[in-house]
Amino acid sequence: MIGGLVARHAITVVRAPLVDDGRGNKARDWANAAETPSPGWAVDAGATLDDTTNRDGASTEYTLRGPLTADVLATDRVRLFGDLYLIDGAVLRQPGVSPATSHTIIRLIRWEG
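So, here's what we can say about the structure. (Residues numbered from 1 in each chain as written. Predicted model: local features only at pLDDT ≥ 70, side-chain atom pairs only at ≥ 80, totals over all residues. Heavy atoms only, no water.)

In this structure, F81 takes a positive phi of about 55° despite not being glycine. Following the sequence through the fold, F81 ends up in the loop between β6 (77–80) and β7 (83–87). (Helix = DSSP H or I, 4+ residues; strand = E, 2+ residues; numbered from the N terminus.)

For the rest of this paragraph, the subject is the environment of L108. Here L108 is to be found in strand β9 (residues 103–112). For L108, a relative accessible area of 0% translates into the label buried. In this structure, the C-alpha to C-alpha distance between L108 and Y85, residues 23 residues apart in sequence, is 5.8 Å. Non-local contacts of L108, meaning those with residues more than four positions away in its chain, are made with T60, E61, Y62, L64, V78, L80, Y85, L86 and I87. (Buried < 20%, exposed > 50% of the residue type's maximum accessible area, 1.4 Å probe, protein only. Contact = heavy atoms within 4.5 Å.)

Core analysis: the biggest nonpolar cluster contains 15 residues, and I11, L64, V72, L80, I106 and L108 have the highest contact counts within it. Mapped onto this core, the elements with two or more residues apiece are β1 (9–15), β4 (34–51), β5 (57–66), β6, β7 and β9. (Core = buried A, V, L, I, M, F, W, Y, C linked by side-chain atoms within 4.5 Å.)

Within the structure shown, the criterion is met by 2 aromatic pairs. Between the aromatic rings of Y62 and F81, the centroid separation amounts to 6.0 Å while the plane-to-plane angle is 70°, which identifies the pairing as edge-to-face. A residue pair is termed long-range when its members are at least 10 positions apart, and Y62 in strand β5 and F81 in the loop between β6 and β7 qualify at 19 residues. The class for Y62 is buried, based on a relative accessible area of 18%. Pairing Y62 with Y85 gives two aromatic rings, centres 5.7 Å apart and planes at 85°, and the pair type is edge-to-face. Taken as a pair, Y62 in strand β5 and Y85 in strand β7 lie far apart in primary sequence, 23 residues in all. Residues Y62 and Y85 agree in their burial class; the two are buried. Site record: aromatic cluster; members linked through ring pairs are Y62, F81 and Y85. Stacked on the ring of W30, the Lys or Arg R77 has its end atom at 3.8 Å from the ring centre. (Phe/Tyr/Trp six-rings, centres within 6.5 Å; stacked < 30°, edge-to-face > 60°. Lys NZ or Arg CZ within 6 Å of the ring centre and 35° of its normal.)

Structural data, given as structure tokens:
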């Protein structure tokens, strides 16, 4: 796990339960999602992108590195600095030569507009 002053941020993992959607399928029930604090994350600013061709909007991205054993799934959402983000892609587990160099990596994205 990344330690010290680098991993000083806490995120909130937002996980919605799977429920029957009434048509035999499973769907996430975001209205009843549980929010769980997760400390020990390093936050790196990613890209921002304005999309004025298809819509008047912008995206914001972050890359987070945290504990190897963090309870986070690709289907979760993450609250960071008060804003809700989607996890973009897979949750990566990066083993290192020691616990100090082992971590989880997630990429967040948020669209506005």
